[in-house]
Amino acid sequence: MKILITGGAGFIGSHVVREFVCKYPEYQIFNLDALTYAGNLSNLKDIECRNNYTFVKGDISEESFVNDFFNEHRFEGVIHLAAESHVDRSITDPLRFARTNILGTMTLLNAFKNLWRNNWLNKRFYHISTDEVYGTLGETGFFTETTAYNPNSPYSASKAGSDHFVRAYGETYGLPYVMSNCSNNYGPNHFPEKLIPLFINNIIYNKSLPVYGNGNYTRDWLYVKDHAQAIDLIFHKGENQETYNIGGFNEWKNIDLVKLLCKLMDGKLGRPIGTSEKLITFVKDRPGHDLRYAIDASKINKKLGWRPSVTFEEGLNKTIDWYLQNEEWLENVTSGEYQRYYEEQYESGN
Ligand code: NAD
Ligand code: TYD
């Protein structure tokens, strides 16, 4: 089986590529990635020489390239993760998100449709989405697979748009798809623009920890390797034209999570407990900030038997240890463009 994984040089994609390359030596795995600021081939150093793995640099929204690529390799399965993924960047550059997330997804869907037409037997397009498409929850309740879409940020609106096109290709052309909407991931190789890796990096370098608003925003955190395993399960065992919500059963208010992170990091860095907490700084809130995300993951649990395997304490400890052991990775990704982004996002006084 020839499988295309898009966005495989990114955070979640690299864990999915590794899972598939190592677990299925009989598959040919292709990783298509444009290597934007978020893509990093060093995430895959340990598997890049495997003979069932091929990396191709390319943009999912370039129609003629994508069509030629599909015609050449005739992928039977697509696992689509490539995206612009950071809410704050979507607020400053929304068009880029529409181009990659909506147009890019449509370009892949179209190439897949034109390649197989009605010859759909044993073909599958798996679209990876996010719980953010459902908008925000109040203090109670959970997102289920039937919660109405109500996206609030340009990022979540672009992901919602891509989800709608996937569904529409299923209804209109009979294209066999599966989709999953997952909660916030954390773990190794996470780019330090998102909350957990940004704060780990800042604690290491004694930089302030910019908590948006009052910090009373809630997210449901899942260890990235558990997400990769859920993706494997859904790709192989999920039902066509179905959506699965994936979550961590693990809600944290940002401020409580940041305090826990500070405590664990103080312990690991040999600093007196309380040192890192002093770095917490409450800053201007994110516009359109969603109050709370929480996933009801009972469908994937009941139908496919999936549950997270790692507790939050284990996952967070593994994550911090990974960053402390991979300071070179952190230094490489925080040089260059990152500095400009950081200044514009946190130091311009906007
Ligand atoms: P990421 O930003 O770390 O990686 C995205 C990857 O896509 C990068 O390697 C980048 O180079 C590549 N890419 C971007 N634009 C491209 C283009 N035009 N053509 C080809 N490649 C391109 O993102 P991530 O956090 O790993 O998220 C992966 C997917 O999972 C996304 O679709 C995201 O919406 C979804 N998701 C993420 C989370 C999370 O917590 N990170 C949660 C739920 C769902
Ligand atoms: P983030 O990691 O960007 O994920 P998402 O917005 O997709 O949930 O942010 C997680 C939470 O942390 C969110 O409520 C915003 C907040 N946050 C901060 O308070 N400060 C920061 O510097 C960042 C990046 C996020």
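Conventions we followed
- Residues numbered from 1 in each chain as written.
- Chains lettered and ligands numbered in written order.
- Predicted model: local features only at pLDDT ≥ 70, side-chain atom pairs only at ≥ 80, totals over all residues.
- Heavy atoms only, no water.
- Core = buried A, V, L, I, M, F, W, Y, C linked by side-chain atoms within 4.5 Å.
- Buried < 20%, exposed > 50% of the residue type's maximum accessible area, 1.4 Å probe, protein only.
- Helix = DSSP H or I, 4+ residues; strand = E, 2+ residues; numbered from the N terminus.
- Contact = heavy atoms within 4.5 Å.
- Salt bridge = Lys/Arg side-chain N within 4 Å of Asp/Glu carboxyl O.

A closer look at the nonpolar core
Formed by 38 residues in total, the largest nonpolar core has its most connected members in Ile5, Phe20, Ile79, Tyr126, Ile246 and Ile300. Listed by contribution, the elements that provide at least two residues to this core are β1 (2-6), α1 (11-23), β5 (124-130), β6 (177-182), α7 (224-237), β10 (242-246) and α9 (298-304). No other element matches the 5 residues that α7 contributes to this core. Ignoring anything within four residues of it in the chain, the contact list for isoleucine 300 reads Ala230, Ile234, Tyr244, Asn245, Ile246, Gly305 and Trp306. Listed in part, the 32 residues of the second largest apolar core include Ile196, Leu209, Leu279 and Leu316.

Some thoughts on the pattern of salt bridges
Tallying each qualifying case throughout the model produces 12 salt bridges. Aspartate 232 is the partner of lysine 23 in a salt bridge, and the nearest nitrogen-oxygen pair spans 2.6 Å. With a gap of 209 residues between them, lysine 23 in helix α1 and aspartate 232 in helix α7 connect regions that are remote in the sequence. Relative accessible area serves as the criterion here: at 5%, aspartate 232 is assigned to the buried category. A salt bridge links glutamate 344 to arginine 340; the shortest N-O distance between them is 3.8 Å. Taken together, the residues glutamate 344 and arginine 340, both in helix α12 (residues 337-347) and 4 residues apart, mark about one turn of the helix. Through salt bridges with shared partners, one network takes in Arg89, Glu193, Glu337, Arg340 and Glu344.

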